[in-house]
Amino acid sequence: MQAGHDTKAVWGVNPPAATPIAAAGVAAAPASVRRGNGLLAWLDSALGVVSEWPAALLVVLEVVVLLSGVVARYVLHEPIVWTDELASIMFLWLSMLGAVIALRRGAHMRMTALVSKCSPGKRAFLEVFALAASLVFLVLLMPHAWEYAVEEMIIVTPAMEISNAWRASALPTGTLLMLLVCIVRLLRTEHTKQVVPAVVAAVAIATVFWLAGPWLMTLGKLNLLIFFAGVVGFCVFAGVPIAFSFALATFGFLALTTRTPMVVMVGRLDEGMSHLILLAVPLFVLLGMLIEMTGMARAMVQFLSSLLGHVRGGLNYVLIGGMYLVSGISGSKTADMAAIAPVLLPEMKKRGAKPGDLIALLSTTGAQTETIPPSIVLITIGSVTGVSIAALFTGGLLPGLVLGLALCVIVWWRYRHEDLSAVPRASRKLIGKTFVVALPALALPFVIRAAVVEGVATATEVSTIGIAYAVVAGLLLYRQFDFRRLPGILIETATLSGAILFIIGCATAMAWALTQSGFAHDLALAMGNLPGGKFTFMAVSLVAFIVLGSVLEGIPAIVLFGPLMFPIARELGIHEVQYAMVVILAMGVGLFAPPFGVGYYGACAVGKVDPNEGIGPIWGYMAALLVGLVLVAAIPWISIGFL
């Protein structure tokens, strides 16, 4: 049931409906799966129950355990020594179960720009091949994941004094469940004629590489090009999920060209997925969904609308400001846009704004706000490069503002002749009323950022406080808390988190393999010897990460190349926080730039607009973003002036 009354009396409009799962970046179910009530349908449902409900419960337990630790430490002044350890154990299970759900729902990150342009027959084959390739990797990984869990049995955790196998067994369990999901999806696919050819093709390619192993051992560093350019590129462009593309290339490189025990790769997967800093990822994802459900995001937007709604292009400015306020909390740019767009876009269309221009602006605000804390990307880059998260939170606010102002210039120019004669100016009474309603919501993002920056609490601790705050605000202040949506929200949280964390784990393993191969050293020498020193390095980085952002998306590109590039930047005298801002914003531009940028199509889906309509208008906004990005790269003070 829904708690209390909603905010309809305040706004005079209906509260937002439940955000579709797809709007948060998670497909409700694979489109190519046959429906039915047979054995396979039962198996699919059973896999859903086995993975989804435990994952949802783990999300709740993580919040309870960590919040208990915060209360014990800061309120009772009696720290509980085992909370972080228990949270870490549950976190790996949550990551793996979330990856299982994401695979079952077709929610792992993929590049589909080329696949979608193929003929229906080729597209069907590639869809099935992506599953078959993932299945091959999981079959290869399974015995080593089991071996890793067995080896961890002899290790005893320091605080709880239990076997570490309780934690490590999440890896073989999750691998087995994903393997079963792949088999069921292959058997249930609508493209039945493509199953055998796709599976045979995937197995044949793996067999050819295995037979070529002795020859590959003689090629030395040429294998880097074969596996990390050839295999990764082929898999990514064929539509294989990015995480599995990284994993297949890494597994093949280590197994066929080195003498590294493959259990080491499982250890790197574990290390990448279970870094305690990354525990903030599912918690901020949950917080973002609660902000949308409780009407807090809507309250913020309504207040900004009352202030600027009568100005030419005013609602466009509200869109930019609203994304600035809520961005980064949910962990999904699509979810951020889904929280803002339904409130603003209908009214903007009534005022004569063209849908293509609205989608172009919505998409570019996604890129503009990539550095706004508590961005999941900031937390990720801090975890893999060692840069202070508090410093990143402080440094991320102004670069996002600079790019936002650049977008505002384009809005002013395009809407300078907008006819607002029929638009009434909000009265001071209405502005005051909307401000009072929005104040609890407006305070939350600033409290979160201030607490981390001032060192009051870690990003993970603050996220639990924010969740408690959002629940209380939804129940007591906004009285808009739909308990019926909670199971779905918890499962969505696990799904999105699993997709993010699994790709971080696979990218961590790949980055480790690249480092061990000597590639990091060679890259450092090549980049350090570029003519022009740090200026050329910054320019090359800017272009490279725009391209990487359009192909790999932000998080995998950061995990893969962050540990390689940041040491070079430090040696050249570039401040690590400034470099982080340039890297993140460059990848954001790539992510939301058509025709390859996945974020652009996410914005079109949220706004229900044909992607072709936004292609023309978006280039003006993209030019503004590039100008802002160059300013951030050229002027260090924008990123580090308040450190």
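Because the structure is predicted, anything quoted here is derived from the model rather than measured.

> Residue-level account of the domain arrangement of the protein, with values.
According to the domain assignment, the protein contains domain 1 (38-274) and domain 2 (283-641). Computed from C-alpha coordinates alone, the two centres of domain 1 and domain 2 are separated by 27 Å. Across the contact, 50 residues belong to domain 1 and 44 residues belong to domain 2. Here domain 1 and domain 2 share an interface that buries about 3900 Å² over both sides, 83% of which is from carbon and sulfur atoms.

> Tell me what's going on with the environment of Leu397, and back it up with residues and numbers.
By the secondary structure assignment, Leu397 is in helix α19 (residues 397-414). You can call Leu397 partly exposed: its relative accessible area is 29%. Once the C-alpha coordinates of Leu397 and Ser327 are considered, the two residues, 70 residues apart in sequence, prove to be 11 Å apart. With residues near it in sequence (within four places) discarded, Leu397 still touches Tyr324, Thr371, Ile372, Pro373 and Arg449.

> Could you give me a rundown of a nonpolar patch on the surface, with the residues and numbers involved?
Residues Trp146, Val150, Met153, Ile154 and Ile155 make up a contiguous nonpolar surface patch of about 560 Å² in total accessible area. Of note, Trp146 is situated in helix α4 (residues 120-151).

> Run through the confidence of the model for the protein, naming residues and quoting values.
Mean pLDDT over the protein: 83, with 92% of residues reaching 70 or higher. Predicted confidence in the protein is weakest over helix α1 (residues 8-11), with a mean pLDDT of 30, and strongest over helix α6 (residues 170-188), with 94. A low-confidence stretch, residues 1-31 (pLDDT under 50), is modelled with 78 contacts involving residues beyond four sequence positions or located in other chains.

> Any chance you could break down the pattern of salt bridges for me, citing the residues and the numbers?
What the rule picks out here adds up to twelve salt bridges. Ionic pairing is found between Arg167 and Asp270, a salt bridge with its closest N-O pair at 2.5 Å. On the criterion of sequence distance, the pair formed by Arg167 in helix α5 (residues 165-168) and Asp270 in helix α11 (residues 263-273) is long-range, its members being 103 residues apart. Accessibility classification places Arg167 together with Asp270 in one group, the buried group.

Analysis parameters
Residues numbered from 1 in each chain as written. Predicted model: local features only at pLDDT ≥ 70, side-chain atom pairs only at ≥ 80, totals over all residues. Heavy atoms only, no water. Domains from an automatic or database assignment. Contact = heavy atoms within 4.5 Å. Buried area = accessible area lost by both parts, 1.4 Å probe. Helix = DSSP H or I, 4+ residues; strand = E, 2+ residues; numbered from the N terminus. Buried < 20%, exposed > 50% of the residue type's maximum accessible area, 1.4 Å probe, protein only. Patch = residues over 30% accessible without salt bridge, like charges linked within 9 Å, V, L, I, M, F, W, Y side chains within 5 Å. Areas by Shrake-Rupley, 256 points an atom, 1.4 Å probe, with all protein chains shown as cover. Salt bridge = Lys/Arg side-chain N within 4 Å of Asp/Glu carboxyl O. pLDDT = per-residue confidence, 0-100.

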